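Architecture and fold: a report
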Amino acid sequence: MSQSVAAVLILAVGVAIGVAADRYWLYRTGDIAVESALDHAQSHLDPSYVCPMHPDMTSAEPGTCPVCGMDLVARVAGAGEKVSDGGLPEVSVSPQFVQNFGVRTARVARRTLSREIEAYGVVSRMAVSRHRDVTPGLPGTLESIADKAVGDPVGQGELLYTLSSPEWVRAQDAYLEAREGGDPGRLGQSEQRLRTLGMSDDQLRTLANSGRVERLIRVLAPKNGAVVGRSGEVGDRVAANTKVFTLGGVSDIPVTAEVFERQVTWVQPGQRATVEIPSLTGLVFDAEVSRLHTEVGFNSRTLPVYLTFRTTNPLIKYGMLADVTVHAAPRENVLAMPREALIRTGSGTRVILALGNGRFRPVEVETGIESGDMVEVLSGLEEGQTVVVSGQFLIDSESNLAAGLEQLHSDAHDHR
């Protein structure tokens, strides 16, 4: 390196050191203020536009979001003004923002909360119900038959079918002749014969008073139940022992449902429940909790709960899947708010507290039971406060952005 080049380099280094020392001295004496890049950005911040769905997408001019295509909305400059104790900053939004994005609020209040616990179950082993065959008792021709399919309910005394039979007519004629002849023994035998064939006391009295023979046998349901089986159509010839209808009685159907461990404290024996069998569309059965199992499953973390409901429906079979809803006892005087107000994150749960005059503040909360659209508030809020239930995510994003700026500003000052 030549001596002239070396001299130039030494001169340049000396000038740089001198300028730096001079600016440092002026900074120490307060004659000039050193402005950080963050200070400069904040001091020249103009109202910007932000995507309501993607708060990180901002622009200095109106336009559309490059991600979702929504129109950008104006954001108030300097929204983050005050940091709540240990929390996120308050934010202020314009009335236009509240109107355009339908910001809705709800009041935190005390109320009665009931809980419906939904669980999957299965029909357990059930006792075999007793069936009753409804036969005509004598041969004949089916003249009419009730429009009943398997599974349909039947009431005691309900007409099931009618039958025309010469033997039925002869039996009535024999009864009337015995009454006219005054033979008590023959009359008793004829009366017993008609009763055996299914004639009721009312029909027998009508026959005795009118003396008019009934051509058709009216076969009635002997008990309440449901149709388990049926055979024959109008016009068919049937024998005396033909099972035209088979009726089943009321059955107690046991169901075993699996309730999650966190819900166990809500379930008690005697509580009302409803059971739906997905394979039997449209049928809902009223049930009752019979008892609870004594141990929670180690792997499933569920507790078997046993329920029972009564039905005459013969289509329910062992092993069928069931959708169970247990209607737990209500809890009174519970501090609650709408569940849609919650903002769930990996670090916790918070809501946006409405402070009035367009001011909002995120607040950490602890929640308890959920009942429909409502959720219990254990801590973080007081009765009478107002929370945001619609538009809270955008407000929360503004608060997070303001918190980030506050943190950067603090870090910048710490490093001066």
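Residues numbered from 1 in each chain as written. Predicted model: local features only at pLDDT ≥ 70, side-chain atom pairs only at ≥ 80, totals over all residues. Heavy atoms only, no water.

Residues with a pLDDT of 70 or more make up 78% of the protein chain, whose mean pLDDT is 79. When the elements of the protein chain are averaged for pLDDT, helix H2 (residues 37–43) gives the smallest value, 41, and strand S9 (residues 140–145) the largest, 95. Residue range residues 19–46 is modelled with pLDDT below 50. Its contacts to residues more than four positions away, or to other chains, number 21 contacts. Low pLDDT, under 50, characterises residues 76–86; the stretch is placed with 23 contacts to residues that sit more than four places away or in other chains. (pLDDT = per-residue confidence, 0-100. Helix = DSSP H or I, 4+ residues; strand = E, 2+ residues; numbered from the N terminus. Contact = heavy atoms within 4.5 Å.)

The final tally for this structure, using the stated rule, is two aromatic pairs. Judged by centre distance (6.3 Å) and plane angle (15°), the rings of Tyr161 and Phe245 are stacked. Pair noted here: Tyr161 is in strand S11 (residues 159–164) and Phe245 is in strand S15 (residues 245–248), with a separation of 84 residues, a long-range link. Seen in terms of ring centroids, Phe285 and Phe309 are 4.7 Å apart; in terms of plane orientation they differ by 20°. Their pairing is stacked. Separated by 24 residues along the polypeptide, Phe285 in strand S18 (residues 284–292) and Phe309 in strand S19 (residues 302–311) bring together distant segments of the chain. For the pair shown, Phe285 and Phe309 are each scored as buried. One residue, Arg125, lies across the ring of Tyr318, its end atom 4.0 Å from the ring centre. (Phe/Tyr/Trp six-rings, centres within 6.5 Å; stacked < 30°, edge-to-face > 60°. Buried < 20%, exposed > 50% of the residue type's maximum accessible area, 1.4 Å probe, protein only. Lys NZ or Arg CZ within 6 Å of the ring centre and 35° of its normal.)

Turning to the pairing of strand S21 (residues 331–338), a few remarks are in order. In terms of strand pairing, strand S6 (residues 109–113) meets S21 through four bridges, oriented antiparallel. The partner of Leu113 across the bridge, within S21, is Arg331. Examined bridge by bridge, S21 and strand S26 (residues 374–379) share three bridges and lie antiparallel to one another. When the sheet's bridge partners are listed, Pro338 is paired in S26 with Met374. (Pairing = 2+ DSSP bridges.)

Glancing now at the side chain of Thr256. Along the chain, Thr256 turns up in strand S16 (residues 251–260). Of the polar contacts made by the side chain of Thr256, one reaches the side chain of Ser124; its length is 2.8 Å. Ignoring any residue separated from it by four or fewer positions in sequence, one finds Thr256 in contact with Tyr120, Gly121, Val122, Ser124, Pro304, Val305 and Tyr306. (Polar contact = N/O pair within 3.5 Å; in protein donor to acceptor, adjacent residues only side chain to side chain.)

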